[in-house]
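Listed below are the residues making up each chain.
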Amino acid sequence: MKTVKEFYKDQPFNYTDDRDFYVNNILKSNQILEYPDLHQLLLSRCNFFRQPLIKTIIEFGCGTGWLTNSLLHYYQKQLTSIDFTEKAVDIASDISTRLNKFAEYKVADIFEYQDSKLYDLVVSMGVLHHTKNCREAFKKISKYVKPGGYLYVGLYHLYGRKPMLSFLQNYAHWHGESSAYNLFKRMNNTMDNKQHSYSWFRDQVIHPHETQHTLVELSEWIADIGFTLQSTSINKYKPLKYFDKQKLSELEHSLESYSYKKNVEELIFTPGYFTVCAKRNI
Ligand SMILES: C[S@@+](CC[C@H](N)C(=O)[O-])C[C@H]1O[C@@H](n2cnc3c(N)ncnc32)[C@H](O)[C@@H]1O
C-alpha cells in the first residue's frame, strides 16, 4: 500500500497539466461561496475601526491552490500556504503568479511544521482525514490561531461518506477500476477535463488512507483545544442556537440516507464532506 505522500507525489489532487484550466476556474466563479459562513467571516469587519477581521491566513494542505488563490483573488488576504506535495505547491504558486498575486508557499509536513506567527484564520479543507492522526493534526494546526481567531476545517463525514464509498469501491471490485471511473464520470458530468476528473476519482475512490468523522466527535475536539463551535455545514450553516446536540446528531445520521439517494439512486456524486468553523476562546 502506498503512503499518502507517495500517492500524491506525481498526481496531486485536482491535477491537470493545463495551467489555464486552474486560472480560468479561479476567475470563472468564487468557489468559496459554497461555504457561506467562510465567505461572511472573510468579509467581516471589526466593530470600532472597521478593519477587516481576517487579515492573515494560513492554509494547511493547500494542494494545487484553489482555496489559497481564491482567497488572494476575491478577498485580498495575506496567505501562508503549506503542503507536503512539492508538485502541488509548484502549481499553486505558479497560478498565484499568473493571477498577479503573492502567497508564501512552503513544502512541509503538518506534523513537522514550525512557525512563530499566529494567524487570524487557520484553514484546512479535505486534508486532516488523510493524515496518520486526524485529531493530532487538528490540534497541531489549531495552535497557529490567534486568541479570538478562527479555525475552519473540512473533513469526511462518517455517515455521509459511506454510501458513495461502498457504491464506487464495490463497483471497482466487481467491474474493474476503469469501469468504476466511467461510472464516476457519469456521476460528475460537469467535470470535462480528463486529467482533472481522474485525479478526483483517485482521491475519492482509491485513496490509500482516509478516516471519517462526526460533528459530535469534533465538538469534543473543539472544546478540548479551547475553542467554541461557530457554524457547520451539518445544519446548512444556520445559527447554532436553534440546534441542540440531539437535533444535530439526528441530522448527522440522516446524511447516510441522503447520500444513498444522491449517489446510488440519482447517480449524482456527493462526497460526504462537512465543515466546522470554530473560534479560539480569549
Ligand atoms: C485531498 S487533497 C486537498 C487539497 C486542497 N486542500 C484542496 O481542497 O484541493 C489533500 C492534500 O493534503 C496534503 N497532505 C496530506 N497529508 C499532509 C501532511 N501530513 N502534511 C502536509 N500536507 C499533507 C496532500 O499533499 C494533498 O495536497
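The rules behind each value
- Residues numbered from 1 in each chain as written.
- Predicted model: local features only at pLDDT ≥ 70, side-chain atom pairs only at ≥ 80, totals over all residues.
- Heavy atoms only, no water.
- Helix = DSSP H or I, 4+ residues; strand = E, 2+ residues; numbered from the N terminus.
- Rg over C-alpha atoms; globule rule 2.2 N^0.38 Å.
- Contact = heavy atoms within 4.5 Å.
- Lys, Arg positive; Asp, Glu negative; His and termini not counted.
- Charge placed at Lys NZ, Arg CZ, Asp CG, Glu CD.
- Expected span 1.5 Å × (residues − 1).
- Polar contact = N/O pair within 3.5 Å; in protein donor to acceptor, adjacent residues only side chain to side chain.
- Core = buried A, V, L, I, M, F, W, Y, C linked by side-chain atoms within 4.5 Å.
- Buried < 20%, exposed > 50% of the residue type's maximum accessible area, 1.4 Å probe, protein only.
- Disulfide = S-S within 2.5 Å.
- Salt bridge = Lys/Arg side-chain N within 4 Å of Asp/Glu carboxyl O.
- Near = heavy atom within 4 Å.
- Areas by Shrake-Rupley, 256 points an atom, 1.4 Å probe, with all protein chains shown as cover.
- Nonpolar A, V, L, I, M, F, W, Y, C, P; charged D, E, K, R; others polar.
- Phe/Tyr/Trp six-rings, centres within 6.5 Å; stacked < 30°, edge-to-face > 60°.
- Lys NZ or Arg CZ within 6 Å of the ring centre and 35° of its normal.
- Arc of directions from axis to C-beta.
- Pairing = 2+ DSSP bridges.
- Axes fitted to C-alpha atoms, helices over the stretch in contact; angles between N-to-C directions.

What about the overall build of the protein?
Point 1. The secondary structure content of the protein amounts to eleven helices and seven strands.
Point 2. The globule rule puts the C-alpha radius of gyration for 282 residues at 19 Å, and the 19 Å found for the protein is close to it.
Point 3. Taking the contacts inside the protein whose residues are at least 6 apart along the sequence as the reference set, 74% of them involve residues at least 24 apart.
Point 4. Of the side chains in the protein, 35 bear a positive and 31 a negative charge, and the two mean positions are spaced by 5 Å.

Focus: helix α9 (residues 194-205)
Point 1. Taking 1.5 Å per residue as the helical rise, α9 with its twelve residues ought to reach 16 Å, and the 16 Å between its terminal C-alpha atoms agrees with that figure.
Point 2. Looking at the buried side of α9, the elements it contacts are α1 (4-9), α2 (19-28), β5 (145-156), α7 (158-175) and α8 (177-187).
Point 3. For α9, the N-terminal cap is N193; the gap from its side-chain oxygen to the backbone nitrogen of Q195 is 3.1 Å.

Section: the side chain of S231
Point 1. In this structure, S231 sits in strand β6 (residues 227-232).
Point 2. Polar side-chain contacts of S231 include one of 2.7 Å to the side chain of D37.

Topic: the nonpolar core
Point 1. By size, the foremost hydrophobic cluster in this structure holds 32 residues, and its most contacted members are F60, V122, L128, F138 and L151.
Point 2. Mapped by element, the contributors of at least two residues to this core are β1 (56-60), β4 (119-125), α6 (134-142), β5, α10 (215-224) and β7 (273-280).
Point 3. The contacts of F60, once residues within four sequence positions are left out, are I82, I110, Y113, V122, V123, S124, M125, V127, I141 and Y144.

Side note on the state of the cysteines
Point 1. All told, the structure shown has zero disulfides when counted by the stated rule.
Point 2. With no disulfide partner, C62 has as its closest neighbouring cysteine sulfur the one in C134, 18 Å distant.
Point 3. A disulfide-free cysteine, C277 has its sulfur positioned 15 Å from the sulfur of C46, the nearest such atom.
Point 4. Since its relative accessible area comes to 3%, C277 is described here as buried.

Some thoughts on the pattern of salt bridges
Point 1. Under the counting rule described, the total for this entry stands at eleven salt bridges.
Point 2. A salt bridge links D10 to K9; the shortest N-O distance between them is 3.9 Å.
Point 3. Here D10 falls in the partly exposed class, since its relative accessible area comes to 49%.

Let's talk about the site of the ligand
Point 1. Inspection of the region around the ligand gives 19 residues, with G61, W66, D83, T85 and M125 positioned closest.
Point 2. Within the backbone of G61, an N or O atom sits 2.7 Å from a nitrogen atom of the ligand.
Point 3. Taking I110, its main chain carries an N or O atom lying 2.9 Å from a nitrogen atom of the ligand.
Point 4. When the ligand sits alone it has 590 Å² of accessible area, and the protein chains cover 96% of it.
Point 5. Taken together, the residues that form the shell around the ligand break down as nine nonpolar, six polar and four charged.

Some details on the packing of aromatic side chains
One pair of aromatic rings is described through two measures. These are the centre distance and the angle between the planes.
Point 1. Within the structure shown, the criterion is met by 16 aromatic pairs.
Point 2. Three or more aromatic residues joined by ring pairs form one cluster here, namely F13, Y181, F184, Y198, W200, F201 and F269.
Point 3. One residue, R202, lies across the ring of F7, its end atom 4.0 Å from the ring centre.

Concerning the environment of F111
Point 1. Counting through the fold element by element, F111 comes out in the loop between β3 (104-107) and β4.
Point 2. Residue class for F111 comes out partly exposed when judged on its relative accessible area of 24%.
Point 3. Distance in space between the C-alpha atoms of F111 and E266 is 40 Å, their sequence separation being 155 residues.
Point 4. Excluding residues within four positions of it along the chain, F111 makes contact with T131, K132, N133, E136, A137 and K140.

Regarding α10
Point 1. Among the residues of α10, those classed as buried are L215, L218, W221 and I222. Buried residues along α10 cover an arc of 110 degrees about the axis, so they all sit on one side. Exposed residues pointing more than 90 degrees away from the buried face of α10 are listed as V216, E220 and A223.
Point 2. Residues of α10 that are buried in the fold lie against α6, β5, β6, α11 (245-265) and β7.
Point 3. G226 occupies a position one or two residues after α10 and carries a positive phi of about 80 degrees.

With respect to the sheet that holds β4
Point 1. The mixed open sheet is built from seven strands, whose spatial order is β3-β2-β1-β4-β5-β7-β6. The open sheet has two free edges, formed respectively by β3 and β6, since each of these has just one partner strand. Adjacent strand axes in the sheet meet at a mean angle of 20 degrees, parallel and antiparallel pairs treated alike.
Point 2. Where β1 meets β4, three bridges bridge the pair, whose relative direction is parallel. Pairing of I58 across the sheet is with V122, part of β4.

Shape descriptors only; they carry no functional weight alone.
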